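# Results of the structural survey
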Amino acid sequence: MGVRRSLGRQFGWLWASYAVSTFGTRLAFDAFPLIAVLVLHAGPAEVSLLAAAGLAVGAAVAVPLGPWVEFRRKRPVMVAMDLLRCVALLSVPAAYALGLLGFVQLLVVSVVVGAADIAFNAASGAYLKALVRPEDLLVANGRFESTNWTATVLGPPVGTAAIGLFGPAMTIVADAVSYLLSAAGLGAIGGSEPRPVRTGAHRARLRPGDLLEGWRYILTHPALRPLFFNTVLVSGLIMAASPLLAVLMLGDLGFAPWQYGLAFGLPCIGGLIGSRLARPLVTRFGRHKVMLTAGALRACWSLGLAFIRPGVAGLVLVIVVEFGLITCMGVFNPVFATYRLEHVPTNRIARTLSAWSVTSKATVAAMTGLWGLLAAIAGPRTAIALAGLLMLTTPLLLPRHTHTLRREPGAAPDTPLIAAD
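Note on numbering: residues in each chain are counted from 1, in written sequence order. Note on the predicted model: pLDDT of at least 70 is required for a residue's local features to be given, and 80 or more for side-chain atom pairs to be given and counted; whole-chain, interface and lining totals, by contrast, use all residues. Water and hydrogen atoms were dropped before computing side-chain values, which therefore reflect all heavy atoms in the structure.

## Let's talk about the pattern of salt bridges
Quick reminder of the rule: The salt bridge criterion pairs a side-chain nitrogen of Lys or Arg with a carboxyl oxygen of Asp or Glu, the two atoms within 4 Å. The helix count covers DSSP runs of H or I at least four residues long, the strand count covers runs of E at least two residues long, and both are numbered beginning at the N terminus. Between buried and exposed lies partly exposed: a residue is buried under 20% and exposed over 50% of the maximum accessible area for its type, with that area taken using a 1.4 Å probe on protein chains only.
The tally for this structure, following the rule as stated, stands at eight salt bridges. The partner of R133 in a salt bridge is D136, and the shortest N-O contact between them spans 2.8 Å. Notably, a salt bridge pairs E213 with R348, separated by 2.8 Å at the nearest N-O pair. Taken together, the residues E213 in helix 9 (residues 213–220) and R348 in the loop between helix 14 (312–342) and helix 15 (349–378) connect sequence positions 135 residues apart. You can call E213 buried: its relative accessible area is 15%. Among the ionic contacts, a cluster of salt bridges with common partners joins D82, R85 and D117.

Here it is, written out as C-alpha coordinates:
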(Lines give C-alpha, C1' and ligand atoms only; values in the text may rest on other atoms or scores of the structure.)
Protein backbone atom coordinates (compact mmCIF):
# COMPACT_ATOMS: atom_id res chain seq x y z
CA MET A 1 0.00 0.00 0.00
CA GLY A 2 1.45 3.39 -0.97
CA VAL A 3 2.16 6.13 1.56
CA ARG A 4 -0.22 9.09 1.37
CA ARG A 5 1.68 12.03 -0.09
CA SER A 6 1.70 15.24 1.97
CA LEU A 7 1.17 18.43 -0.01
CA GLY A 8 1.89 20.73 2.91
CA ARG A 9 -0.01 22.69 5.56
CA GLN A 10 -1.17 25.43 3.20
CA PHE A 11 -2.71 22.92 0.81
CA GLY A 12 -4.32 21.26 3.83
CA TRP A 13 -6.17 24.49 4.70
CA LEU A 14 -7.14 25.01 1.06
CA TRP A 15 -8.46 21.46 0.91
CA ALA A 16 -10.36 21.90 4.20
CA SER A 17 -11.97 25.10 2.93
CA TYR A 18 -12.99 23.35 -0.27
CA ALA A 19 -14.40 20.42 1.71
CA VAL A 20 -16.59 22.50 4.02
CA SER A 21 -18.01 24.70 1.25
CA THR A 22 -18.58 21.69 -1.01
CA PHE A 23 -20.41 19.82 1.70
CA GLY A 24 -22.58 22.86 2.35
CA THR A 25 -23.41 23.14 -1.35
CA ARG A 26 -24.24 19.44 -1.60
CA LEU A 27 -26.36 19.70 1.54
CA ALA A 28 -28.39 22.29 -0.36
CA PHE A 29 -28.53 20.00 -3.42
CA ASP A 30 -31.14 21.39 -5.84
CA ALA A 31 -32.43 23.62 -3.02
CA PHE A 32 -33.73 26.32 -5.34
CA PRO A 33 -35.67 23.93 -7.63
CA LEU A 34 -37.06 22.17 -4.55
CA ILE A 35 -38.18 25.47 -3.01
CA ALA A 36 -39.65 26.54 -6.36
CA VAL A 37 -41.62 23.27 -6.63
CA LEU A 38 -42.59 22.72 -2.99
CA VAL A 39 -43.04 26.30 -1.75
CA LEU A 40 -43.79 28.42 -4.82
CA HIS A 41 -45.56 25.56 -6.67
CA ALA A 42 -43.62 26.21 -9.87
CA GLY A 43 -44.02 24.00 -12.94
CA PRO A 44 -41.40 22.59 -15.34
CA ALA A 45 -41.11 25.79 -17.38
CA GLU A 46 -40.61 28.00 -14.32
CA VAL A 47 -38.09 25.63 -12.72
CA SER A 48 -36.11 25.51 -15.96
CA LEU A 49 -36.33 29.31 -16.28
CA LEU A 50 -34.93 29.71 -12.77
CA ALA A 51 -31.95 27.50 -13.58
CA ALA A 52 -31.40 28.95 -17.06
CA ALA A 53 -31.81 32.66 -16.39
CA GLY A 54 -29.72 32.59 -13.23
CA LEU A 55 -26.86 30.88 -15.05
CA ALA A 56 -27.10 33.06 -18.17
CA VAL A 57 -27.13 36.40 -16.39
CA GLY A 58 -24.52 35.21 -13.89
CA ALA A 59 -22.25 34.18 -16.75
CA ALA A 60 -22.72 37.53 -18.49
CA VAL A 61 -21.90 39.41 -15.29
CA ALA A 62 -18.79 37.25 -14.85
CA VAL A 63 -17.27 37.97 -18.28
CA PRO A 64 -15.05 40.84 -17.05
CA LEU A 65 -14.19 39.00 -13.83
CA GLY A 66 -11.53 36.76 -15.43
CA PRO A 67 -9.24 39.64 -16.46
CA TRP A 68 -10.02 41.38 -13.15
CA VAL A 69 -8.97 38.30 -11.15
CA GLU A 70 -5.88 37.67 -13.30
CA PHE A 71 -3.91 40.60 -11.95
CA ARG A 72 -4.99 40.44 -8.31
CA ARG A 73 -3.95 38.29 -5.39
CA LYS A 74 -6.03 35.16 -5.65
CA ARG A 75 -6.67 34.34 -1.99
CA PRO A 76 -8.36 37.67 -1.12
CA VAL A 77 -10.56 37.25 -4.20
CA MET A 78 -11.57 33.77 -3.03
CA VAL A 79 -12.39 35.07 0.48
CA ALA A 80 -14.46 37.93 -0.95
CA MET A 81 -16.44 35.58 -3.20
CA ASP A 82 -17.13 33.25 -0.26
CA LEU A 83 -18.48 36.16 1.82
CA LEU A 84 -20.57 37.46 -1.09
CA ARG A 85 -22.17 34.04 -1.59
CA CYS A 86 -22.85 33.77 2.14
CA VAL A 87 -24.71 37.08 2.30
CA ALA A 88 -26.69 36.41 -0.90
CA LEU A 89 -27.83 32.98 0.26
CA LEU A 90 -28.83 34.19 3.73
CA SER A 91 -31.30 36.59 2.12
CA VAL A 92 -33.43 33.62 0.99
CA PRO A 93 -34.24 32.10 4.40
CA ALA A 94 -34.70 35.62 5.79
CA ALA A 95 -37.32 36.39 3.16
CA TYR A 96 -38.90 32.94 3.62
CA ALA A 97 -39.22 33.49 7.38
CA LEU A 98 -40.93 36.83 6.75
CA GLY A 99 -43.27 35.37 4.14
CA LEU A 100 -41.76 37.56 1.42
CA LEU A 101 -39.93 34.98 -0.66
CA GLY A 102 -40.71 35.12 -4.36
CA PHE A 103 -39.50 33.77 -7.66
CA VAL A 104 -37.66 37.00 -8.57
CA GLN A 105 -35.53 36.87 -5.42
CA LEU A 106 -34.51 33.28 -6.13
CA LEU A 107 -33.51 34.43 -9.60
CA VAL A 108 -31.41 37.37 -8.35
CA VAL A 109 -29.61 35.23 -5.77
CA SER A 110 -28.90 32.63 -8.45
CA VAL A 111 -27.26 35.33 -10.59
CA VAL A 112 -25.07 36.63 -7.75
CA VAL A 113 -24.00 33.15 -6.65
CA GLY A 114 -23.34 32.08 -10.25
CA ALA A 115 -21.08 35.06 -10.97
CA ALA A 116 -19.25 34.60 -7.66
CA ASP A 117 -18.74 30.91 -8.45
CA ILE A 118 -16.97 31.76 -11.70
CA ALA A 119 -14.68 34.33 -10.08
CA PHE A 120 -13.87 31.96 -7.21
CA ASN A 121 -13.08 29.04 -9.51
CA ALA A 122 -10.85 31.16 -11.72
CA ALA A 123 -8.90 32.40 -8.69
CA SER A 124 -8.69 28.99 -7.03
CA GLY A 125 -7.30 27.29 -10.15
CA ALA A 126 -4.52 29.88 -10.43
CA TYR A 127 -3.87 29.69 -6.68
CA LEU A 128 -3.62 25.89 -6.72
CA LYS A 129 -1.12 25.93 -9.58
CA ALA A 130 1.08 28.34 -7.63
CA LEU A 131 0.69 26.44 -4.35
CA VAL A 132 1.65 22.86 -5.30
CA ARG A 133 4.45 21.41 -7.39
CA PRO A 134 3.59 20.51 -11.01
CA GLU A 135 4.09 16.79 -10.30
CA ASP A 136 1.54 17.02 -7.46
CA LEU A 137 -1.28 18.62 -9.47
CA LEU A 138 -2.95 15.31 -10.32
CA VAL A 139 -2.78 14.24 -6.66
CA ALA A 140 -4.30 17.56 -5.56
CA ASN A 141 -7.07 17.47 -8.16
CA GLY A 142 -7.77 13.85 -7.29
CA ARG A 143 -8.27 14.85 -3.65
CA PHE A 144 -10.61 17.66 -4.61
CA GLU A 145 -12.57 15.30 -6.85
CA SER A 146 -12.73 12.66 -4.12
CA THR A 147 -13.94 15.28 -1.64
CA ASN A 148 -16.56 16.51 -4.09
CA TRP A 149 -18.09 13.07 -4.51
CA THR A 150 -17.84 12.21 -0.80
CA ALA A 151 -19.78 15.37 -0.01
CA THR A 152 -22.29 14.51 -2.70
CA VAL A 153 -22.82 11.05 -1.20
CA LEU A 154 -23.60 12.53 2.22
CA GLY A 155 -25.08 15.91 1.37
CA PRO A 156 -28.28 15.24 -0.62
CA PRO A 157 -29.74 12.58 1.74
CA VAL A 158 -28.95 14.72 4.79
CA GLY A 159 -30.21 17.83 3.03
CA THR A 160 -33.52 16.32 1.95
CA ALA A 161 -34.01 14.89 5.46
CA ALA A 162 -33.37 18.39 6.85
CA ILE A 163 -35.95 19.79 4.46
CA GLY A 164 -38.49 17.28 5.76
CA LEU A 165 -37.68 18.10 9.40
CA PHE A 166 -36.94 21.83 9.37
CA GLY A 167 -38.29 23.20 6.09
CA PRO A 168 -36.70 23.95 2.72
CA ALA A 169 -34.82 27.08 3.79
CA MET A 170 -32.66 25.33 6.38
CA THR A 171 -30.26 23.77 3.87
CA ILE A 172 -29.66 27.20 2.34
CA VAL A 173 -28.69 28.49 5.79
CA ALA A 174 -26.20 25.61 6.07
CA ASP A 175 -24.80 26.39 2.62
CA ALA A 176 -24.33 30.06 3.56
CA VAL A 177 -22.55 29.14 6.80
CA SER A 178 -20.27 26.77 4.87
CA TYR A 179 -19.04 29.68 2.74
CA LEU A 180 -18.32 31.65 5.91
CA LEU A 181 -16.27 28.75 7.28
CA SER A 182 -14.50 28.40 3.93
CA ALA A 183 -13.47 32.05 4.06
CA ALA A 184 -12.08 31.50 7.55
CA GLY A 185 -10.10 28.47 6.35
CA LEU A 186 -8.65 30.42 3.44
CA GLY A 187 -7.58 33.12 5.88
CA ALA A 188 -5.81 30.48 8.00
CA ILE A 189 -3.56 29.49 5.08
CA GLY A 190 -1.26 32.34 6.00
CA GLY A 191 1.89 33.33 4.22
CA SER A 192 2.37 36.18 1.79
CA GLU A 193 1.02 35.90 -1.72
CA PRO A 194 2.96 37.79 -4.42
CA ARG A 195 0.97 40.48 -6.17
CA PRO A 196 0.60 39.89 -9.93
CA VAL A 197 1.84 42.89 -11.89
CA ARG A 198 1.43 43.90 -15.51
CA THR A 199 4.60 44.23 -17.51
CA GLY A 200 5.22 46.16 -20.73
CA ALA A 201 2.00 46.53 -22.68
CA HIS A 202 0.12 44.94 -19.79
CA ARG A 203 0.82 47.86 -17.44
CA ALA A 204 -2.10 49.80 -18.87
CA ARG A 205 -5.59 49.44 -17.52
CA LEU A 206 -7.83 46.58 -18.58
CA ARG A 207 -8.32 46.53 -22.35
CA PRO A 208 -11.35 45.18 -24.27
CA GLY A 209 -9.12 42.52 -25.81
CA ASP A 210 -8.38 41.13 -22.35
CA LEU A 211 -12.00 40.02 -22.10
CA LEU A 212 -11.46 37.61 -25.00
CA GLU A 213 -7.97 36.38 -24.13
CA GLY A 214 -9.22 33.24 -22.40
CA TRP A 215 -11.33 32.16 -25.37
CA ARG A 216 -8.53 33.07 -27.77
CA TYR A 217 -6.11 30.79 -25.97
CA ILE A 218 -8.58 27.89 -25.72
CA LEU A 219 -9.65 28.02 -29.36
CA THR A 220 -6.09 28.13 -30.71
CA HIS A 221 -4.85 25.25 -28.55
CA PRO A 222 -5.04 21.94 -30.49
CA ALA A 223 -5.97 19.80 -27.48
CA LEU A 224 -7.85 22.26 -25.26
CA ARG A 225 -10.20 23.18 -28.12
CA PRO A 226 -11.86 19.74 -28.53
CA LEU A 227 -11.87 19.18 -24.75
CA PHE A 228 -13.54 22.57 -24.36
CA PHE A 229 -16.39 21.71 -26.71
CA ASN A 230 -16.73 18.22 -25.24
CA THR A 231 -16.91 19.27 -21.59
CA VAL A 232 -19.20 22.23 -22.26
CA LEU A 233 -21.68 20.10 -24.21
CA VAL A 234 -21.62 17.23 -21.70
CA SER A 235 -22.25 19.52 -18.73
CA GLY A 236 -24.97 21.33 -20.69
CA LEU A 237 -26.85 18.12 -21.47
CA ILE A 238 -26.54 16.76 -17.94
CA MET A 239 -27.68 19.97 -16.29
CA ALA A 240 -30.47 20.67 -18.80
CA ALA A 241 -32.09 17.37 -17.84
CA SER A 242 -31.59 17.83 -14.09
CA PRO A 243 -34.55 20.12 -13.26
CA LEU A 244 -36.79 18.06 -15.54
CA LEU A 245 -35.78 14.93 -13.68
CA ALA A 246 -36.71 16.66 -10.42
CA VAL A 247 -40.14 17.53 -11.81
CA LEU A 248 -40.61 14.01 -13.20
CA MET A 249 -39.60 12.23 -10.00
CA LEU A 250 -41.12 14.58 -7.40
CA GLY A 251 -44.22 15.42 -9.43
CA ASP A 252 -45.36 12.92 -12.04
CA LEU A 253 -43.92 9.78 -10.45
CA GLY A 254 -44.59 10.71 -6.83
CA PHE A 255 -41.17 10.02 -5.32
CA ALA A 256 -40.61 11.52 -1.86
CA PRO A 257 -37.87 14.16 -1.42
CA TRP A 258 -35.72 11.71 0.58
CA GLN A 259 -35.93 9.17 -2.26
CA TYR A 260 -34.90 11.84 -4.74
CA GLY A 261 -31.92 12.75 -2.56
CA LEU A 262 -30.95 9.09 -2.13
CA ALA A 263 -31.12 8.50 -5.89
CA PHE A 264 -28.46 11.15 -6.49
CA GLY A 265 -26.45 10.78 -3.29
CA LEU A 266 -25.77 7.05 -3.19
CA PRO A 267 -24.37 6.78 -6.77
CA CYS A 268 -21.73 9.37 -5.92
CA ILE A 269 -19.78 6.57 -4.27
CA GLY A 270 -18.85 5.85 -7.88
CA GLY A 271 -17.27 9.30 -8.14
CA LEU A 272 -15.20 8.59 -5.04
CA ILE A 273 -14.06 5.29 -6.54
CA GLY A 274 -13.29 6.87 -9.90
CA SER A 275 -11.28 9.73 -8.41
CA ARG A 276 -9.15 7.28 -6.42
CA LEU A 277 -8.53 5.24 -9.57
CA ALA A 278 -7.54 8.17 -11.79
CA ARG A 279 -3.87 8.41 -10.86
CA PRO A 280 -3.15 4.62 -10.93
CA LEU A 281 -4.92 4.36 -14.29
CA VAL A 282 -2.88 7.21 -15.76
CA THR A 283 0.31 5.62 -14.45
CA ARG A 284 -0.57 2.30 -16.08
CA PHE A 285 -2.28 3.27 -19.32
CA GLY A 286 -1.28 6.87 -20.01
CA ARG A 287 -3.30 10.08 -19.91
CA HIS A 288 -4.64 10.00 -23.45
CA LYS A 289 -6.12 6.52 -23.18
CA VAL A 290 -7.67 7.24 -19.77
CA MET A 291 -9.22 10.54 -20.88
CA LEU A 292 -10.54 9.10 -24.12
CA THR A 293 -11.98 5.96 -22.52
CA ALA A 294 -13.53 7.62 -19.48
CA GLY A 295 -14.81 10.50 -21.61
CA ALA A 296 -16.50 8.10 -24.02
CA LEU A 297 -17.97 5.86 -21.31
CA ARG A 298 -19.60 8.74 -19.44
CA ALA A 299 -21.74 9.41 -22.53
CA CYS A 300 -23.39 5.99 -22.44
CA TRP A 301 -25.60 6.30 -19.36
CA SER A 302 -27.95 9.29 -19.47
CA LEU A 303 -30.42 7.81 -21.94
CA GLY A 304 -31.48 5.29 -19.27
CA LEU A 305 -33.09 8.09 -17.24
CA ALA A 306 -35.87 8.33 -19.83
CA PHE A 307 -37.17 4.92 -18.73
CA ILE A 308 -37.84 5.67 -15.06
CA ARG A 309 -41.01 4.16 -13.61
CA PRO A 310 -42.68 4.65 -10.20
CA GLY A 311 -41.65 2.54 -7.24
CA VAL A 312 -38.55 0.65 -6.19
CA ALA A 313 -37.63 -0.46 -9.72
CA GLY A 314 -37.55 3.15 -10.94
CA LEU A 315 -35.45 4.23 -7.98
CA VAL A 316 -32.96 1.41 -8.59
CA LEU A 317 -32.72 2.35 -12.27
CA VAL A 318 -31.82 5.95 -11.42
CA ILE A 319 -29.19 4.78 -8.94
CA VAL A 320 -27.57 2.38 -11.44
CA VAL A 321 -27.52 4.93 -14.27
CA GLU A 322 -26.13 7.68 -12.07
CA PHE A 323 -23.52 5.33 -10.58
CA GLY A 324 -22.15 4.47 -14.01
CA LEU A 325 -22.12 8.08 -15.17
CA ILE A 326 -20.52 9.43 -12.01
CA THR A 327 -17.83 6.73 -11.84
CA CYS A 328 -16.68 7.69 -15.33
CA MET A 329 -16.77 11.37 -14.41
CA GLY A 330 -14.73 10.64 -11.28
CA VAL A 331 -11.94 9.23 -13.43
CA PHE A 332 -12.17 11.85 -16.20
CA ASN A 333 -12.44 15.06 -14.19
CA PRO A 334 -9.16 15.15 -12.22
CA VAL A 335 -7.13 14.01 -15.24
CA PHE A 336 -8.74 16.67 -17.39
CA ALA A 337 -8.41 19.40 -14.73
CA THR A 338 -4.73 18.62 -14.26
CA TYR A 339 -4.06 18.66 -17.98
CA ARG A 340 -5.79 22.01 -18.35
CA LEU A 341 -3.77 23.62 -15.54
CA GLU A 342 -0.52 22.24 -16.96
CA HIS A 343 -1.15 23.63 -20.41
CA VAL A 344 -2.27 27.15 -19.53
CA PRO A 345 0.51 29.65 -18.74
CA THR A 346 0.34 31.36 -15.36
CA ASN A 347 -0.40 34.77 -16.85
CA ARG A 348 -3.51 33.44 -18.62
CA ILE A 349 -4.90 30.97 -16.11
CA ALA A 350 -7.62 33.08 -14.48
CA ARG A 351 -8.87 34.38 -17.84
CA THR A 352 -8.86 30.90 -19.39
CA LEU A 353 -10.67 29.25 -16.47
CA SER A 354 -13.14 32.13 -16.34
CA ALA A 355 -13.83 31.88 -20.09
CA TRP A 356 -14.34 28.13 -19.73
CA SER A 357 -16.77 28.58 -16.82
CA VAL A 358 -18.66 31.43 -18.49
CA THR A 359 -19.15 29.37 -21.65
CA SER A 360 -20.17 26.31 -19.68
CA LYS A 361 -22.70 28.19 -17.57
CA ALA A 362 -24.09 30.08 -20.57
CA THR A 363 -24.46 26.81 -22.46
CA VAL A 364 -26.16 25.18 -19.49
CA ALA A 365 -28.50 28.17 -19.26
CA ALA A 366 -29.41 28.10 -22.95
CA MET A 367 -29.90 24.33 -23.01
CA THR A 368 -31.86 24.33 -19.74
CA GLY A 369 -34.24 26.94 -21.12
CA LEU A 370 -34.58 25.07 -24.38
CA TRP A 371 -35.17 21.76 -22.64
CA GLY A 372 -37.71 23.40 -20.33
CA LEU A 373 -39.62 24.60 -23.38
CA LEU A 374 -39.39 21.15 -24.93
CA ALA A 375 -40.65 19.58 -21.70
CA ALA A 376 -43.60 21.96 -21.61
CA ILE A 377 -44.52 20.86 -25.15
CA ALA A 378 -43.63 17.16 -25.21
CA GLY A 379 -43.25 16.28 -21.53
CA PRO A 380 -40.22 15.85 -19.24
CA ARG A 381 -39.59 12.24 -20.26
CA THR A 382 -39.23 13.08 -23.96
CA ALA A 383 -36.87 15.96 -23.19
CA ILE A 384 -34.72 13.72 -20.96
CA ALA A 385 -34.58 11.08 -23.72
CA LEU A 386 -33.38 13.64 -26.28
CA ALA A 387 -30.62 14.79 -23.92
CA GLY A 388 -29.55 11.16 -23.50
CA LEU A 389 -29.42 10.59 -27.26
CA LEU A 390 -27.32 13.71 -27.82
CA MET A 391 -24.94 12.60 -25.06
CA LEU A 392 -24.08 9.57 -27.19
CA THR A 393 -22.53 11.91 -29.79
CA THR A 394 -20.20 13.76 -27.41
CA PRO A 395 -17.24 11.29 -27.67
CA LEU A 396 -16.83 12.53 -31.25
CA LEU A 397 -15.54 15.81 -29.77
CA LEU A 398 -12.73 14.18 -27.77
CA PRO A 399 -9.16 14.47 -29.14
CA ARG A 400 -8.50 11.27 -31.08
CA HIS A 401 -4.70 11.28 -31.34
CA THR A 402 -2.12 10.91 -28.62
CA HIS A 403 0.05 13.75 -29.89
CA THR A 404 -2.69 16.31 -29.28
CA LEU A 405 -2.52 15.58 -25.56
CA ARG A 406 1.16 16.36 -25.28
CA ARG A 407 2.39 19.72 -24.13
CA GLU A 408 3.22 21.96 -27.05
CA PRO A 409 6.84 23.22 -26.91
CA GLY A 410 5.74 26.85 -26.74
CA ALA A 411 3.26 26.24 -23.93
CA ALA A 412 5.60 24.57 -21.46
CA PRO A 413 7.19 27.57 -19.77
CA ASP A 414 5.00 30.06 -17.96
CA THR A 415 5.39 33.70 -18.85
CA PRO A 416 6.60 35.38 -15.62
CA LEU A 417 4.16 38.10 -14.60
CA ILE A 418 4.40 37.57 -10.85
CA ALA A 419 6.47 39.96 -8.79
CA ALA A 420 6.75 40.48 -5.05
CA ASP A 421 5.69 43.77 -3.48
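Picking up where we left off.
## Some thoughts on the UniProt feature "transmembrane region" (unreviewed entry) in the protein
As a reminder of what qualifies: UniProt positions are given in the numbering used here, feature names are shortened, and annotations may be inferred rather than shown by experiment.
Listed under "transmembrane region" (unreviewed entry) in the UniProt record, and renumbered for this structure, are residues 12–29, 49–71, 227–251, 257–278, 290–308, 314–332, 353–374 and 380–398. With 89% helix and 0% strand, the stretch residues 12–29 has end C-alpha atoms that lie 25 Å from each other. Along residues 257–278 the backbone is 86% helical and 0% strand, and the end-to-end C-alpha distance reaches 33 Å.

## Quick word on the packing of aromatic side chains
Selection rule: In summary, the pairing rule links any two rings of Phe, Tyr or Trp, Trp by its six-membered ring, whose centres are within 6.5 Å, and it sorts them by plane angle into stacked for under 30 degrees, edge-to-face for over 60 and tilted for everything else.
By the definition in use, this model includes seven aromatic pairs. Measuring from ring centre to ring centre gives 5.1 Å for F228 and W356, while their planes differ by 90°; the resulting arrangement is edge-to-face. Of this pair, F228 sits in helix 10 (residues 224–252) while W356 sits in helix 15; the two residues are 128 residues apart in sequence, bridging distant segments of the chain. Each member of the pair, F228 as well as W356, carries the same accessibility label: buried. Arranged with centres 5.7 Å apart and planes meeting at 15°, the rings of F332 and F336 form a pair that is stacked. Of this pair, F332 and F336 both sit in helix 14, four residues apart, roughly one helical turn.

## Observations concerning the packing of helix 12 (residues 269–285) against helix 13 (residues 287–297)
How we decide: A fitted line through C-alpha atoms represents every axis, and for helices the fit uses only the stretch in contact; the resulting angles, taken between N-to-C directions, go from 0 to 180 degrees. An angle below 35 degrees is read as roughly parallel, one above 145 as roughly antiparallel, one from 65 to 115 as roughly perpendicular, and any other as oblique. Every residue pair with non-hydrogen atoms within 4.5 Å of one another is taken to be in contact. Residues are sorted three ways: Asp, Glu, Lys and Arg are charged, Ala, Val, Leu, Ile, Met, Phe, Trp, Tyr, Cys and Pro are nonpolar, and all the rest, Gly among them, are polar.
Direction vectors running N to C along helix 12 and helix 13 enclose 125°, while the axes themselves pass 7 Å from each other. If you check the angle between helix 12 and helix 13, you find them oblique. Taken together, the residues of helix 13 that come into contact with helix 12 (itself represented by L281, V282 and F285) are R287, K289 and V290. Residues belonging to the contact of helix 12 with helix 13 are distributed by class as follows: four nonpolar, no polar and two charged.

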